[in-house]
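The residues making up each chain are set out below.
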Amino acid sequence: MRISPNLVPMLVVALVVVALYWPLMYLANIPVAQRALDTGAALPCKTAFECATQLRSPVLPSPQQLWNGFGNLMFPLDSPNAIPINAAVTAFETVVGLLLAAVVGFFFAIGMVASRAFERSLLPWIVASQTVPIIAIAPMLVVLLGQYGVQGWLPKAIIAAYIAFFPITIGVAKGLKSPDPMALDLMKTYNANHWQTYLKLRFPASVPYLFTAFKVAMTAALIGAIVAEISTISFQGIGKMLAENSRASDVVAMWVIMLSSAVLGILLVALVNWLERLLTPWRRPGGGAAVSANAKQARLPGREGVG
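Residues numbered from 1 in each chain as written. Predicted model: local features only at pLDDT ≥ 70, side-chain atom pairs only at ≥ 80, totals over all residues. Heavy atoms only, no water.

A. Fine view of the state of the cysteines. Counted according to the given criterion, the structure contains one disulfide. At a sulfur-sulfur separation of 1.7 Å, the disulfide partner of cysteine 45 is cysteine 51. Handedness of the cysteine 45-cysteine 51 disulfide follows from its S-S torsion of about 115°: it is right-handed. Here the two residues cysteine 45 and cysteine 51 agree in accessibility, since each one is buried. (Disulfide = S-S within 2.5 Å. Buried < 20%, exposed > 50% of the residue type's maximum accessible area, 1.4 Å probe, protein only.)

Below, the structure is given as structure tokens:
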């Protein structure tokens, strides 16, 4: 069985994390356990080393606590307080936010490439928009949209789009500017208009930049959706679960939810990566070499009759 070359580094990192987790967990929890024992707290253990894995509010949960936490928050799958349903809601808000950001980002990117004056006047404001703390603007935006009847998941998606449009705008603009000047001159010699130049040259050249920007924007949109759920009144979502368990001071549950959100982010980026491989088969490793080799064989004389 052939092992993917990308899998080996991932496994090495995972093994290093597992190897370091235990000593870090003890280093973080032993002082807390010792203070609890000194104050006479009722713990089912006698030494700080033993209590480090049994604290009710540990700094770093033990693997057994994480395992139990996942079991408590994953099942039943159809429970409104379980991770699967809430993660699906957050994923939906993230994807919708990414699509909205793509529409806005494409519009701004095309304008910035088509007009130097448009780029100079707009780019500073685009950069400035990303310096506003999203945790401050989210409640204001939800109140504003609520006055027009926009409620539920859509405000969270709009907030996710607000964060995600920046990398898409910059990435697409970079991609649209990437064609070689000689190729642009060649399009002029063919008497191609602006739209033909975009469709035949600039857009195809921007594809690698586009999917790279989408991967960055997907993680940004996920963060925006979670922050929006925390900052506003939410009945479902990863952010809602984080806010509730934070108020309940359930440290283990918060660690489980944070790890689940990390897994969700990996899956969403993997989705973009899968779409990239599906829509750009010529960019697959070895794909171009195979096509080139087949083309050379087809041009070799005397090979037509070889069976």
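B. Broad picture of the pattern of salt bridges. Inspection of the entire model under this criterion finds four salt bridges. For the salt bridge of arginine 116 with glutamate 119, the shortest nitrogen-to-oxygen distance reads 3.0 Å. Of this pair, arginine 116 and glutamate 119 are both found in helix H5 (residues 116-129), three residues apart, which corresponds to roughly one turn of the helix. Residue classification places glutamate 119 among the buried residues on the basis of a relative accessible area of 11%. Close ionic contact of glutamate 119 with lysine 177 constitutes a salt bridge, the shortest N to O distance being 2.9 Å. Of this pair, glutamate 119 sits in helix H5 while lysine 177 sits in the loop between helix H7 (153-176) and helix H8 (181-189); the two residues are 58 residues apart in sequence, bridging distant segments of the chain. Sharing partners across several salt bridges, the network here consists of Arg116, Glu119 and Lys177. (Salt bridge = Lys/Arg side-chain N within 4 Å of Asp/Glu carboxyl O. Helix = DSSP H or I, 4+ residues; strand = E, 2+ residues; numbered from the N terminus.)

C. Up close: the side chain of glutamine 65. By the secondary structure assignment, glutamine 65 is in helix H3 (residues 63-74). A relative accessible area of 14% means that glutamine 65 is categorised as buried. In this structure the side chain of glutamine 65 is engaged in a polar contact, spanning 2.7 Å, whose partner is the backbone oxygen of leucine 55. In terms of polar contacts, glutamine 65 uses its side chain to reach the backbone amide nitrogen of serine 62, at 2.9 Å. Ignoring sequence-local partners within four residues, the contact set of glutamine 65 consists of Thr53, Gln54, Leu55, Pro58 and Val252. (Polar contact = N/O pair within 3.5 Å; in protein donor to acceptor, adjacent residues only side chain to side chain. Contact = heavy atoms within 4.5 Å.)

Keep in mind these numbers describe shape, not what the thing actually does.
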